[in-house]
Amino acid sequence: MINHNPQQPVAIVTGASSGIGLGLTQALLERGWRVVATSRTISKSKDLHSSPDLVLVDGDAGKKETALKVVDAALKHFGRIDLLVNNAGVFIAKPFTDYTEADYDLVMNTNVASLFYMTQQVIPPMKEQNSGHVVDISAVLADQPSGNAPALLAVLSKSPMPAVSKALALEYAANNIRFNTVSPGVINTPMHAKGNHAALAKFHPLARMGEISDVVGAVLYLQNATFVTGENIRVDGGVHAGR
Ligand SMILES: NC(=O)c1ccc[n+]([C@@H]2O[C@H](COP(=O)([O-])OP(=O)(O)OC[C@H]3O[C@@H](n4cnc5c(N)ncnc54)[C@H](OP(=O)(O)O)[C@@H]3O)[C@@H](O)[C@H]2O)c1
């Protein structure tokens, strides 16, 4: 059944079962959005409560069939798509030559193929609406790698995002579809074991880890900033500025 209310915008959030994606989904629901939340295990989530404004779709974000299912659910239930947040991601840090073929496939599938397929599928409805916005969650270490904490697959998978946002911003400007990137520093999510938090805080000039609300705030800012497109906002406690 379509829950048609043009006053209520509609978002798709990938990687919504945990961390930044979960926080963003909760923040959007609190602000009156309708959300299609997706991840491999989202239907088992204990953090997201049943609501007419929330649809959960299980699936691997790196597969085209998941993108088709997610977009179909958004249009069937809510009739439009205003925002896609490509947030699903995995992080594997190790010396470059220790990476395996399985590491490569997992990271590139989750971080890159997901962006490709999800973004492709939201373009036709956004073109039809003559409006829309896509935000990709990158990582500041793609731009400012650290010799002490090597993570080449994070660099390889996350560094294209600002360029992708610029390219698509230009390709679809005439359709009033915006594309932006958010590049977090190290954020306090289940991605990082508590025992590492003190060391991770030191990575940032502001001497703390970022909070999920810091990243959510940047996405909400971009959503409201209707003259901003092709931009990359660093939410990184000053890491990009240098040391
Ligand atoms: N935390 C940080 O310090 C940090 C820093 C920079 C950038 N980021 C980026 O921010 C994003 C969110 O990170 P986070 O810290 O919130 O991570 P997180 O807490 O580990 O959550 C990752 C999310 O991605 C989903 N996911 C993983 N593989 C997936 C797949 N193949 N298909 C669909 N969903 C998948 C997970 O759900 P399921 O297991 O249910 O699939 C989960 O919802 C990632 O792109 C990450 O690279 C994080």
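So, here's what we can say about the structure. Here the structure is a predicted model, which means the values were calculated and not measured.

### Remarks on the site of the ligand
Part 1 of the reasoning: Lining the immediate environment of the ligand, one finds 28 residues, of which Ser18, Arg40, Thr41, Thr189 and His192 sit closest.
Part 2 of the reasoning: One of the backbone N or O atoms of Gly15 is found 3.0 Å from an oxygen atom in the ligand.
Part 3 of the reasoning: Side-chain polar atom of Arg40 to an oxygen atom of the ligand: 2.7 Å apart, as the coordinates give it.
Part 4 of the reasoning: Taking 890 Å² as the accessible area of the ligand by itself, protein coverage stands at 91%.

### Quick word on the pairing of strand β4 (residues 83–86)
Part 1 of the reasoning: Burial of the side chains of β4 extends over both faces: Leu83 and Val85 are buried on one face and Leu84 and Asn86 on the other.
Part 2 of the reasoning: Pairing between strand β1 (residues 10–14) and β4: 3 bridges, direction parallel. When the sheet's bridge partners are listed, Val13 is paired in β4 with Val85.
Part 3 of the reasoning: Here 4 bridges tie β4 to strand β5 (residues 132–137), and the two strands are oriented parallel to one another. Its bridge partner lying in β5, Asn86 is registered against Asp136.
Part 4 of the reasoning: Remark: the β4/helix α3 (residues 101–129)/β5 crossover connection has right-handed handedness.

### Some points on the environment of Met118
Part 1 of the reasoning: Counting through the fold element by element, Met118 comes out in helix α3.
Part 2 of the reasoning: Judged by its relative accessible area of 0%, Met118 falls in the buried class.
Part 3 of the reasoning: Met118 sits 34 residues away from Leu84 along the chain, and the two C-alpha atoms are 8.1 Å apart.

### Some words on the side chain of Asp82
Part 1 of the reasoning: With respect to the secondary-structure elements, Asp82 resides in the loop between α2 (64–78) and β4.
Part 2 of the reasoning: Not counting residues within four places of it along the chain, the set of residues in contact with Asp82 comprises Pro9, Val10, Trp33, Met126, Gln129, Gly132 and His133.

### Describing the sheet that holds β5
Part 1 of the reasoning: Here 7 strands make up an open sheet; going across it, the order is β3-β2-β1-β4-β5-β6-β7 and the pairing parallel. Each having just a single partner strand, β3 (54–58) and β7 (232–235) make up the two edges of the open sheet. Strand after strand, the sheet turns through a mean of 15 degrees between neighbouring axes, direction not considered.
Part 2 of the reasoning: Across 4 bridges, strand β6 (residues 177–184) lies against β7 in parallel orientation. Across the sheet, Ser183 pairs through a bridge with Arg234, a residue of β7.
Part 3 of the reasoning: The strands that helix α5 (residues 160–171) touches are β5, β6 and β7; relative to β6, the one it contacts most, it runs at about 170 degrees.

### Thoughts on the nonpolar core
Within soluble globular proteins, side chains that are nonpolar tend to cluster in buried spots.
Part 1 of the reasoning: Among the nonpolar cores identified, the biggest contains 30 residues, and Leu28 and Val182 are the most heavily contacted of them.
Part 2 of the reasoning: Those elements that place two or more of their residues in this core are β1, α1 (19–30), β2 (34–39), β4, β5, α7 (212–224) and β7.
Part 3 of the reasoning: Ranked by residues supplied to this core, first place goes to α7 with 6 residues.
Part 4 of the reasoning: In this structure, Val182 is in contact with Val135, Asp136, Ile137, Ser138, Val215, Ala218, Val219, Leu222, Asn232, Ile233 and Val235, ignoring residues within four places of it in sequence.
Part 5 of the reasoning: Listed in part, the 25 residues of the second largest apolar core include Val55, Val57, Ala74 and Leu168.

Cut-offs used in this document
- Residues numbered from 1 in each chain as written.
- Predicted model: local features only at pLDDT ≥ 70, side-chain atom pairs only at ≥ 80, totals over all residues.
- Heavy atoms only, no water.
- Near = heavy atom within 4 Å.
- Polar contact = N/O pair within 3.5 Å; in protein donor to acceptor, adjacent residues only side chain to side chain.
- Areas by Shrake-Rupley, 256 points an atom, 1.4 Å probe, with all protein chains shown as cover.
- Buried < 20%, exposed > 50% of the residue type's maximum accessible area, 1.4 Å probe, protein only.
- Helix = DSSP H or I, 4+ residues; strand = E, 2+ residues; numbered from the N terminus.
- Pairing = 2+ DSSP bridges.
- Right-handed = clockwise from strand over helix to strand, strands pointing away.
- Contact = heavy atoms within 4.5 Å.
- Axes fitted to C-alpha atoms, helices over the stretch in contact; angles between N-to-C directions.
- Core = buried A, V, L, I, M, F, W, Y, C linked by side-chain atoms within 4.5 Å.

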